[in-house]
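Chain by chain, the residues:
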Amino acid sequence: MAVMNLIQAINHTLGQQMAKDKNILLLGEDVGKNGGVFRVTEGLWQKFGDSRVIDTPLSEVGIISVAIGLAIAGLKPVLEVQFDGFSLSMMDQIYNHLGRIRKRSQGKYSSSLVLRIPHGGGIKAYEHHSESLETFFCHIPGIKVVTPSGPYNAKGLLIAAIEDPDPIIFLEPKRVYRAIKEEVPEKEYAISLPKTNIVKEGSDLTILAWGAMQKITREAVLELGDKYSVEILDLLTLSPLDKKPIIDSVKKTGRCVIVQEAPKTAGFGAELAALIQQEAFLSLEAPIERVSAPDVQIPLAKLENFYIPDASKIIKSIEKIMSF
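Counting from 1, residues in each chain are numbered in the order their sequence is written. Per-residue local features are limited, in this predicted model, to residues with pLDDT of at least 70; the limit for side-chain atom pairs, both in listing and counting, is 80 or more; totals at the level of whole chains, interfaces and linings are taken over all residues. Each side-chain value is derived from all of the structure's non-hydrogen atoms; neither hydrogens nor water enter the calculation.

Engineer: Please explain the sheet that holds strand β4 (residues 76–80) as it appears in this structure.
Structural biologist: Through backbone hydrogen bonds, the strands of a sheet pair up, either in parallel or in antiparallel fashion. Read from one edge of the open sheet, seven strands run β3-β2-β4-β5-β7-β6-β12, paired in mixed fashion. On the outer flanks of this sheet lie β3 (53–55) and β12 (237–239), each paired with one strand and no other. Here the average twist between neighbouring strands, direction ignored, is 20 degrees. As defined by bridge partners, strand β5 (residues 114–119) adjoins strand β7 (residues 168–173) across six bridges and the pair is classed as parallel. When the bridges of β7 are listed, V114 appears paired with I168. The contact criterion used is simple: two residues touch if any of their non-hydrogen atoms lie within 4.5 Å. To get an axis, fit a line to the C-alpha atoms, keeping to the stretch in contact for a helix; angles then go from 0 to 180 degrees between the N-to-C directions. Note on conventions: DSSP H or I runs of at least 4 residues are helices, E runs of at least 2 residues are strands, and numbering of each starts at the N terminus. This element, helix α3 (residues 60–72), spans β2 (24–28) and β4 of the sheet and lies at about 165 degrees to β4. In this analysis, strands are considered paired if DSSP registers two or more bridges between them.

Engineer: What is the right way to look at the nonpolar core in this model?
Structural biologist: Where a protein is soluble and globular, its nonpolar side chains tend to be buried together. Nonpolar core, defined: a set of buried Ala, Val, Leu, Ile, Met, Phe, Trp, Tyr and Cys residues in which side-chain atoms within 4.5 Å join the residues together. We call a residue buried when its accessible area falls under 20% of the maximum for its residue type, exposed when it is over 50%, and partly exposed in between, using a 1.4 Å probe and counting protein chains only. The biggest cluster of nonpolar side chains holds 55 residues, and the ones touching the most others in it are L205, I207 and I318. At six residues, the largest contribution of residues to this core is made by helix α12 (residues 311–322). Leave out the neighbours within four places in its chain, and I207 touches T217, V221, V230, E231, I232, L233, V257, V259, I314 and I318. Formed by 43 residues, the second largest nonpolar core is a distinct cluster that contains L115, L208, L235 and A280.

Engineer: Looking at this model, I keep getting lost on the packing of helix α8 (residues 213–224) against α12. Mind explaining?
Structural biologist: The relative placement of two packed helices comes down to the angle between their axes together with the axis-to-axis distance. Two elements in contact, α8 and α12, have axes separated by 8 Å at closest approach and are oriented at 60 degrees. Classified by the angle their axes make, α8 and α12 are oblique. The crossing of α8 and α12 is right-handed. Of the residues in α12, those touching α8 at I216, T217, A220, E223 and L224 are A311, I314, I315, I318 and E319. Its residues placed into classes, the contact of α8 with α12 shows seven nonpolar, one polar and two charged. If an angle is under 35 degrees, it is roughly parallel; if it is over 145, roughly antiparallel; if it lies from 65 to 115, roughly perpendicular; otherwise it is oblique. What makes a crossing left-handed is the near helix being turned counterclockwise from the far one by less than a right angle; a clockwise turn instead makes it right-handed. Just so you know the grouping, Ala, Val, Leu, Ile, Met, Phe, Trp, Tyr, Cys and Pro go in nonpolar, Asp, Glu, Lys and Arg go in charged, and all remaining residues, Gly too, go in polar.

So this is what it looks like as C-alpha coordinates:
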(Lines give C-alpha, C1' and ligand atoms only; values in the text may rest on other atoms or scores of the structure.)
Protein backbone atom coordinates (compact mmCIF):
# COMPACT_ATOMS: atom_id res chain seq x y z
CA MET A 1 0.00 0.00 0.00
CA ALA A 2 1.56 3.27 -1.14
CA VAL A 3 1.51 6.58 0.72
CA MET A 4 0.27 9.31 -1.62
CA ASN A 5 -0.79 12.92 -1.63
CA LEU A 6 -3.96 14.03 -3.41
CA ILE A 7 -2.24 14.69 -6.75
CA GLN A 8 -0.54 11.31 -6.73
CA ALA A 9 -3.78 9.52 -5.82
CA ILE A 10 -5.72 11.12 -8.68
CA ASN A 11 -2.88 10.49 -11.14
CA HIS A 12 -2.62 6.85 -10.02
CA THR A 13 -6.39 6.37 -10.36
CA LEU A 14 -6.57 7.94 -13.82
CA GLY A 15 -3.76 5.70 -15.05
CA GLN A 16 -5.31 2.62 -13.52
CA GLN A 17 -8.74 3.30 -15.04
CA MET A 18 -7.34 4.24 -18.47
CA ALA A 19 -5.43 0.97 -18.62
CA LYS A 20 -8.66 -0.85 -17.84
CA ASP A 21 -10.99 1.04 -20.21
CA LYS A 22 -9.85 2.27 -23.64
CA ASN A 23 -12.90 4.55 -23.91
CA ILE A 24 -11.51 6.89 -21.24
CA LEU A 25 -9.94 10.05 -22.71
CA LEU A 26 -8.24 12.96 -20.94
CA LEU A 27 -8.79 16.47 -22.31
CA GLY A 28 -7.60 19.87 -21.16
CA GLU A 29 -5.10 22.68 -21.48
CA ASP A 30 -1.56 21.31 -21.01
CA VAL A 31 -2.76 17.96 -19.61
CA GLY A 32 -0.49 16.11 -22.06
CA LYS A 33 3.23 16.68 -22.30
CA ASN A 34 3.32 19.15 -19.38
CA GLY A 35 1.09 17.03 -17.12
CA GLY A 36 -1.37 19.79 -16.26
CA VAL A 37 -0.89 23.05 -14.39
CA PHE A 38 -0.71 21.15 -11.05
CA ARG A 39 0.98 18.09 -12.68
CA VAL A 40 -2.01 15.88 -11.87
CA THR A 41 -1.81 14.14 -15.27
CA GLU A 42 1.98 13.94 -15.38
CA GLY A 43 3.28 10.88 -17.23
CA LEU A 44 -0.08 9.82 -18.65
CA TRP A 45 0.58 11.31 -22.09
CA GLN A 46 3.84 9.39 -22.30
CA LYS A 47 2.02 6.20 -21.34
CA PHE A 48 -1.19 6.47 -23.37
CA GLY A 49 -0.26 8.79 -26.25
CA ASP A 50 -1.82 11.68 -28.16
CA SER A 51 -5.03 9.86 -29.02
CA ARG A 52 -6.06 9.45 -25.37
CA VAL A 53 -4.39 12.35 -23.55
CA ILE A 54 -5.32 15.40 -25.58
CA ASP A 55 -3.89 18.90 -25.20
CA THR A 56 -6.72 21.22 -26.17
CA PRO A 57 -6.71 24.84 -27.36
CA LEU A 58 -7.08 27.55 -24.71
CA SER A 59 -10.87 27.45 -24.89
CA GLU A 60 -12.95 26.21 -21.97
CA VAL A 61 -16.10 26.43 -24.09
CA GLY A 62 -14.43 24.27 -26.73
CA ILE A 63 -13.26 21.71 -24.16
CA ILE A 64 -16.70 21.16 -22.63
CA SER A 65 -18.50 21.22 -25.99
CA VAL A 66 -16.23 18.57 -27.51
CA ALA A 67 -16.40 16.48 -24.34
CA ILE A 68 -20.22 16.46 -24.35
CA GLY A 69 -20.18 15.25 -27.94
CA LEU A 70 -17.65 12.53 -27.16
CA ALA A 71 -19.72 11.37 -24.20
CA ILE A 72 -22.93 11.24 -26.25
CA ALA A 73 -21.02 9.09 -28.78
CA GLY A 74 -20.25 6.58 -26.02
CA LEU A 75 -16.72 7.55 -24.96
CA LYS A 76 -15.77 8.55 -21.41
CA PRO A 77 -14.07 11.97 -21.37
CA VAL A 78 -12.31 13.12 -18.19
CA LEU A 79 -11.59 16.79 -18.72
CA GLU A 80 -9.61 19.27 -16.67
CA VAL A 81 -10.18 22.98 -16.12
CA GLN A 82 -7.03 24.64 -14.89
CA PHE A 83 -8.75 26.78 -12.23
CA ASP A 84 -12.29 27.02 -10.86
CA GLY A 85 -12.92 30.56 -12.08
CA PHE A 86 -12.26 29.44 -15.65
CA SER A 87 -15.24 27.04 -15.49
CA LEU A 88 -17.73 29.90 -15.54
CA SER A 89 -17.41 30.25 -19.29
CA MET A 90 -18.53 26.61 -19.54
CA MET A 91 -21.81 27.24 -17.74
CA ASP A 92 -23.93 27.63 -20.87
CA GLN A 93 -22.91 24.15 -22.07
CA ILE A 94 -23.09 22.62 -18.58
CA TYR A 95 -26.51 24.02 -17.71
CA ASN A 96 -28.27 23.93 -21.06
CA HIS A 97 -26.80 20.75 -22.54
CA LEU A 98 -24.78 18.55 -20.17
CA GLY A 99 -27.46 18.45 -17.48
CA ARG A 100 -30.38 18.12 -19.92
CA ILE A 101 -29.32 15.73 -22.67
CA ARG A 102 -30.89 12.62 -21.11
CA LYS A 103 -34.22 14.34 -20.44
CA ARG A 104 -34.18 16.12 -23.79
CA SER A 105 -33.66 12.84 -25.67
CA GLN A 106 -36.09 10.91 -23.42
CA GLY A 107 -33.25 8.63 -22.33
CA LYS A 108 -31.91 7.89 -25.80
CA TYR A 109 -28.64 9.75 -25.11
CA SER A 110 -26.60 10.43 -22.02
CA SER A 111 -23.44 12.40 -21.41
CA SER A 112 -21.33 10.48 -18.93
CA LEU A 113 -18.20 12.53 -18.29
CA VAL A 114 -16.07 13.78 -15.41
CA LEU A 115 -15.16 17.45 -15.22
CA ARG A 116 -12.18 17.86 -12.89
CA ILE A 117 -11.88 21.32 -11.36
CA PRO A 118 -9.12 22.49 -8.97
CA HIS A 119 -11.29 24.15 -6.34
CA GLY A 120 -10.96 26.93 -3.77
CA GLY A 121 -8.18 29.17 -2.57
CA GLY A 122 -5.28 28.99 -0.17
CA ILE A 123 -2.41 28.93 -2.69
CA LYS A 124 -2.05 32.71 -3.14
CA ALA A 125 -3.03 32.64 -6.79
CA TYR A 126 -4.19 35.48 -9.02
CA GLU A 127 -7.74 36.68 -9.65
CA HIS A 128 -10.14 34.05 -11.11
CA HIS A 129 -7.88 31.27 -9.76
CA SER A 130 -9.29 30.71 -6.25
CA GLU A 131 -13.09 30.65 -6.40
CA SER A 132 -15.38 28.21 -4.55
CA LEU A 133 -18.24 27.60 -6.96
CA GLU A 134 -19.89 24.45 -5.61
CA THR A 135 -23.26 26.16 -5.20
CA PHE A 136 -23.33 27.05 -8.91
CA PHE A 137 -23.01 23.39 -9.89
CA CYS A 138 -25.30 21.99 -7.19
CA HIS A 139 -28.09 24.20 -8.51
CA ILE A 140 -28.06 22.48 -11.92
CA PRO A 141 -30.45 19.50 -12.26
CA GLY A 142 -28.90 16.43 -13.89
CA ILE A 143 -25.37 17.10 -12.57
CA LYS A 144 -23.67 15.29 -9.71
CA VAL A 145 -21.12 17.18 -7.59
CA VAL A 146 -18.31 15.30 -5.82
CA THR A 147 -15.49 16.70 -3.70
CA PRO A 148 -12.75 14.60 -2.07
CA SER A 149 -10.99 15.78 1.07
CA GLY A 150 -7.93 13.54 0.92
CA PRO A 151 -6.03 10.98 -1.16
CA TYR A 152 -7.85 7.85 0.03
CA ASN A 153 -11.36 9.05 -0.67
CA ALA A 154 -10.19 10.79 -3.88
CA LYS A 155 -9.40 7.42 -5.45
CA GLY A 156 -12.68 5.84 -4.43
CA LEU A 157 -14.72 8.83 -5.53
CA LEU A 158 -12.93 9.19 -8.87
CA ILE A 159 -13.49 5.54 -9.74
CA ALA A 160 -17.18 5.92 -8.85
CA ALA A 161 -17.38 9.13 -10.90
CA ILE A 162 -15.83 7.51 -13.98
CA GLU A 163 -18.22 4.55 -13.70
CA ASP A 164 -21.30 6.72 -13.12
CA PRO A 165 -23.77 7.11 -16.00
CA ASP A 166 -24.38 10.77 -15.13
CA PRO A 167 -22.10 13.80 -15.64
CA ILE A 168 -19.92 14.48 -12.60
CA ILE A 169 -18.33 17.73 -11.44
CA PHE A 170 -15.24 16.60 -9.50
CA LEU A 171 -14.03 19.44 -7.27
CA GLU A 172 -10.41 18.93 -6.20
CA PRO A 173 -9.37 21.11 -3.22
CA LYS A 174 -6.15 22.60 -4.53
CA ARG A 175 -5.13 23.79 -1.07
CA VAL A 176 -4.58 20.18 0.01
CA TYR A 177 -3.17 18.83 -3.27
CA ARG A 178 0.18 18.28 -1.54
CA ALA A 179 -0.74 18.99 2.09
CA ILE A 180 -2.12 15.59 3.06
CA LYS A 181 -0.61 12.12 2.64
CA GLU A 182 -2.50 8.89 3.25
CA GLU A 183 -2.19 5.21 2.49
CA VAL A 184 -3.93 4.45 -0.82
CA PRO A 185 -4.48 0.78 -1.76
CA GLU A 186 -3.34 -0.42 -5.17
CA LYS A 187 -6.56 -2.37 -5.64
CA GLU A 188 -9.63 -0.67 -7.07
CA TYR A 189 -12.38 0.50 -4.74
CA ALA A 190 -15.35 2.76 -5.42
CA ILE A 191 -17.10 4.94 -2.85
CA SER A 192 -20.80 4.74 -3.58
CA LEU A 193 -22.53 7.99 -4.45
CA PRO A 194 -23.98 9.87 -2.60
CA LYS A 195 -21.76 9.70 0.47
CA THR A 196 -21.43 11.61 3.73
CA ASN A 197 -18.61 10.16 5.82
CA ILE A 198 -18.47 10.25 9.63
CA VAL A 199 -14.85 11.22 10.29
CA LYS A 200 -15.11 11.45 14.08
CA GLU A 201 -17.95 10.56 16.39
CA GLY A 202 -19.09 12.90 19.15
CA SER A 203 -22.09 13.85 21.29
CA ASP A 204 -21.95 17.62 21.95
CA LEU A 205 -22.09 19.12 18.46
CA THR A 206 -21.89 18.30 14.77
CA ILE A 207 -19.56 19.98 12.28
CA LEU A 208 -20.29 19.71 8.56
CA ALA A 209 -17.44 20.49 6.15
CA TRP A 210 -16.19 19.43 2.72
CA GLY A 211 -13.12 19.68 0.53
CA ALA A 212 -10.26 21.76 1.93
CA MET A 213 -12.36 22.81 4.92
CA GLN A 214 -12.17 19.26 6.28
CA LYS A 215 -8.48 19.72 7.07
CA ILE A 216 -9.12 23.08 8.75
CA THR A 217 -12.03 21.62 10.74
CA ARG A 218 -9.95 18.72 12.02
CA GLU A 219 -7.20 21.14 13.07
CA ALA A 220 -9.74 23.22 15.01
CA VAL A 221 -11.15 20.17 16.81
CA LEU A 222 -7.63 18.97 17.60
CA GLU A 223 -6.83 22.37 19.08
CA LEU A 224 -9.93 22.17 21.31
CA GLY A 225 -8.74 18.86 22.70
CA ASP A 226 -11.21 17.13 25.05
CA LYS A 227 -13.17 20.28 25.89
CA TYR A 228 -16.15 19.17 23.79
CA SER A 229 -17.20 15.92 22.15
CA VAL A 230 -17.33 16.95 18.48
CA GLU A 231 -18.74 14.86 15.64
CA ILE A 232 -17.18 15.67 12.24
CA LEU A 233 -18.95 14.82 9.00
CA ASP A 234 -17.24 14.96 5.60
CA LEU A 235 -19.63 15.72 2.73
CA LEU A 236 -17.98 13.80 -0.10
CA THR A 237 -20.93 14.39 -2.40
CA LEU A 238 -22.82 17.66 -2.44
CA SER A 239 -25.33 16.76 -5.13
CA PRO A 240 -27.06 14.48 -4.57
CA LEU A 241 -26.59 14.89 -0.85
CA ASP A 242 -26.39 11.92 1.50
CA LYS A 243 -28.81 13.42 4.02
CA LYS A 244 -29.41 10.69 6.59
CA PRO A 245 -26.02 10.84 8.37
CA ILE A 246 -26.40 14.63 8.66
CA ILE A 247 -29.88 14.49 10.16
CA ASP A 248 -29.03 11.58 12.45
CA SER A 249 -25.95 13.39 13.74
CA VAL A 250 -27.74 16.66 14.48
CA LYS A 251 -30.58 14.82 16.19
CA LYS A 252 -27.95 13.17 18.40
CA THR A 253 -25.90 16.26 19.25
CA GLY A 254 -28.49 19.05 19.07
CA ARG A 255 -25.99 21.57 17.72
CA CYS A 256 -24.42 22.18 14.32
CA VAL A 257 -21.60 24.25 12.81
CA ILE A 258 -21.33 24.37 9.02
CA VAL A 259 -17.97 25.30 7.50
CA GLN A 260 -17.71 26.46 3.88
CA GLU A 261 -14.96 28.29 2.02
CA ALA A 262 -17.35 30.14 -0.30
CA PRO A 263 -19.00 33.48 0.58
CA LYS A 264 -21.89 33.16 3.03
CA THR A 265 -24.97 34.43 1.21
CA ALA A 266 -26.80 31.67 -0.72
CA GLY A 267 -23.85 29.33 -0.20
CA PHE A 268 -24.23 25.56 0.10
CA GLY A 269 -24.21 25.94 3.88
CA ALA A 270 -27.55 27.71 3.65
CA GLU A 271 -29.05 24.64 1.96
CA LEU A 272 -27.68 22.46 4.76
CA ALA A 273 -29.08 24.79 7.41
CA ALA A 274 -32.52 24.69 5.72
CA LEU A 275 -32.39 20.89 5.59
CA ILE A 276 -31.56 20.65 9.30
CA GLN A 277 -34.31 23.14 10.20
CA GLN A 278 -36.81 21.05 8.26
CA GLU A 279 -35.74 17.59 9.41
CA ALA A 280 -34.24 18.08 12.89
CA PHE A 281 -35.73 21.32 14.22
CA LEU A 282 -37.06 19.87 17.48
CA SER A 283 -33.64 18.42 18.30
CA LEU A 284 -31.78 21.73 18.06
CA GLU A 285 -30.49 23.21 21.32
CA ALA A 286 -28.83 26.25 19.71
CA PRO A 287 -29.04 28.17 16.42
CA ILE A 288 -27.07 26.71 13.52
CA GLU A 289 -23.73 28.47 12.98
CA ARG A 290 -22.19 29.03 9.54
CA VAL A 291 -18.46 29.70 9.20
CA SER A 292 -17.67 31.06 5.77
CA ALA A 293 -15.79 33.62 3.74
CA PRO A 294 -17.28 37.13 3.76
CA ASP A 295 -19.50 38.32 0.92
CA VAL A 296 -16.67 39.88 -1.08
CA GLN A 297 -14.42 38.72 -3.90
CA ILE A 298 -11.50 36.60 -2.76
CA PRO A 299 -8.56 38.96 -2.25
CA LEU A 300 -5.03 38.63 -3.53
CA ALA A 301 -2.23 36.95 -1.61
CA LYS A 302 -1.65 39.30 1.35
CA LEU A 303 -5.26 39.15 2.56
CA GLU A 304 -6.16 35.60 1.58
CA ASN A 305 -5.62 34.15 5.07
CA PHE A 306 -8.04 36.71 6.53
CA TYR A 307 -10.69 35.71 3.98
CA ILE A 308 -10.66 31.90 4.15
CA PRO A 309 -12.09 30.29 7.33
CA ASP A 310 -9.43 29.09 9.75
CA ALA A 311 -9.33 27.11 12.98
CA SER A 312 -9.84 30.19 15.17
CA LYS A 313 -13.08 31.12 13.40
CA ILE A 314 -14.39 27.58 13.71
CA ILE A 315 -13.52 27.46 17.42
CA LYS A 316 -15.28 30.80 17.97
CA SER A 317 -18.48 29.40 16.44
CA ILE A 318 -18.20 26.22 18.50
CA GLU A 319 -17.86 28.23 21.70
CA LYS A 320 -20.81 30.39 20.71
CA ILE A 321 -23.28 27.56 20.29
CA MET A 322 -21.93 25.58 23.24
CA SER A 323 -22.59 28.58 25.51
CA PHE A 324 -26.02 29.39 24.04
